[in-house]
Each structure stands twice: as structure tokens, then as C-alpha cells.
Amino acid sequence: MKNILVNILSLAFLIILISCSAEEDPQFRIRNERANKANVQIQTSGGNTININDVVAAQTTAYQTAAEGNVTATAVIQNESVSPTVTFFAAKDTRYTIVIQTGNTPSLRVDRE
């Protein structure tokens, strides 16, 4: 009987410990599917700006961390007159890939992982 009680208390303790784990800030990376180099600026609702420069064709950058909230990403693409922009909400414990898409007119897509 004591073993059952100890096992139940141990299980309850582990469940509480796991549920109290810390949340991580959202992470972003850039994937350039266009033929030209791009510079991307990520602005968060907290007022911070992350610049990811010189993303060459077919490159995927490393992840960068930012605060949770509304995010606006703008890409300036070499030899293009259009600078595509996308706005989305970035949640904790989530990774995002901002994709610079191919096509006649440059555009951005956000993939949530």
C-alpha cells in the first residue's frame, strides 16, 4: 500500500514539474527562393528590429529569437522595385520560416513549424 501511494505521489510530482516548463520566445529564419540576394528587416511589436542581410539565392539562414507579438517582415531584393511585406502574430514556443517566394512579383510567405 505504501508503494502505491509513493508511486502516485511521484507521478503527480513529475506531471506538475513538466507542466511548469518555461516557454521560449518565437524564432525566425529566412529562406530565399528567388535568384537575387535579399535583405530582410523584422520589426516586432515591442519596437525591436532584426536585420538579416545578404541572404543569397537558395539560402536558409539560422534562427533568430524575438519577443512574442505582432511581427512585420519586409524584404528588399536586389534588382527588384517591389519590397514585399508580411505581418503576422508570433507566438511563444514556435519557429517561423519567412520565405521569399519566386514568381513575377516578389512576395513573402510565413511557414509555421
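Computed from a predicted model, the values in this text were never measured in an experiment.

K.L.:
Explanation requested: the packing of aromatic side chains in the structure shown.
P.N.:
The way to describe two aromatic rings as a pair is by their centre distance and the angle between their planes. Scanning all chains against the criterion turns up 3 aromatic pairs. For the pair F88 and Y96, a centre-to-centre distance of 5.3 Å together with 45° between the ring planes defines the contact as tilted. In terms of burial, F88 and Y96 fall into one category: buried. Ring-pair connections join several aromatic residues into one group, and the members of that group are F28, F88 and Y96. Lying across the ring of Y63, R95 places its NZ or CZ 4.1 Å from the centre.

K.L.:
Is there a simple way to explain the sheet that holds strand β6 (residues 85-90) in this structure?
P.N.:
Sheets are built from strands that pair by backbone hydrogen bonding, the pairs being arranged parallel or antiparallel. With antiparallel pairing, 4 strands are arranged side by side in an open sheet as β3-β2-β5-β6. Two strands in the sheet have a free side with no partner beyond their single neighbour: β3 (49-55) and β6. The sheet shows a mean angle of 20° between the axes of neighbouring strands, direction not considered.

K.L.:
Honestly, the environment of Y63 in this entry has me stumped. Any pointers?
P.N.:
Among the secondary structure elements, Y63 is positioned in the loop between β3 and β4 (64-65). Residues Y63 and L11 lie 52 residues apart in sequence; the distance between their C-alpha atoms is 35 Å. Separated by 3.3 Å, the side chains of Y63 and R29 make a polar contact. Polar contacts involving the side chain of Y63 include one to the side chain of E113, which spans 2.6 Å.

K.L.:
Help me understand unusual backbone geometry in this model?
P.N.:
Working note: non-glycine residues mostly have negative phi, and peptide bonds are mostly trans. With phi around 70°, A58 is a residue other than glycine that occupies positive phi space. Here A58 is to be found in the loop between β3 and β4. The exposure class assigned to A58 is exposed, which follows from its relative accessible area of 70%. Positive phi values are uncommon outside glycine, yet N79 reaches one of about 65°. On the secondary structure map, N79 appears in the loop between β5 (69-77) and β6. Classification of N79 by relative accessible area gives exposed; the value is 70%.

K.L.:
Just to check I follow, could you spell out the side chain of Q27 for this structure?
P.N.:
Position of Q27 among the secondary structure elements: in strand β1 (residues 27-32). The contact partners of Q27, leaving out residues within four places of it in the chain, are Y63, Q64, T65, T94, R95 and Y96.

K.L.:
What's the story with the sheet that holds β1 in this structure? I'm lost.
P.N.:
With mixed pairing, 4 strands are arranged side by side in an open sheet as β4-β1-β7-β8. Pairing within the sheet leaves two strands with one partner each, and these edge strands are β4 and β8 (107-112). When β1 meets strand β7 (residues 95-101), the two strands line up parallel, connected through 6 bridges. Residue pairing across strands places Q27 opposite R95, the latter belonging to β7.

K.L.:
Can you help me understand the nonpolar core in this one?
P.N.:
One broad rule of soluble globular proteins: the nonpolar side chains tend to lie buried together. In terms of nonpolar packing, the biggest core is built from 21 residues, with F28, I30, I42, F88, I98, I100 and L108 touching the most fellow members. Apart from residues lying up to four places away in sequence, I98 is in contact with F28, R29, I30, R31, I42, A73, F88, L108 and R109.

Scoring rules and cut-offs
Residues numbered from 1 in each chain as written. Predicted model: local features only at pLDDT ≥ 70, side-chain atom pairs only at ≥ 80, totals over all residues. Heavy atoms only, no water. Phe/Tyr/Trp six-rings, centres within 6.5 Å; stacked < 30°, edge-to-face > 60°. Buried < 20%, exposed > 50% of the residue type's maximum accessible area, 1.4 Å probe, protein only. Lys NZ or Arg CZ within 6 Å of the ring centre and 35° of its normal. Pairing = 2+ DSSP bridges. Helix = DSSP H or I, 4+ residues; strand = E, 2+ residues; numbered from the N terminus. Axes fitted to C-alpha atoms, helices over the stretch in contact; angles between N-to-C directions. Polar contact = N/O pair within 3.5 Å; in protein donor to acceptor, adjacent residues only side chain to side chain. Contact = heavy atoms within 4.5 Å. Core = buried A, V, L, I, M, F, W, Y, C linked by side-chain atoms within 4.5 Å.

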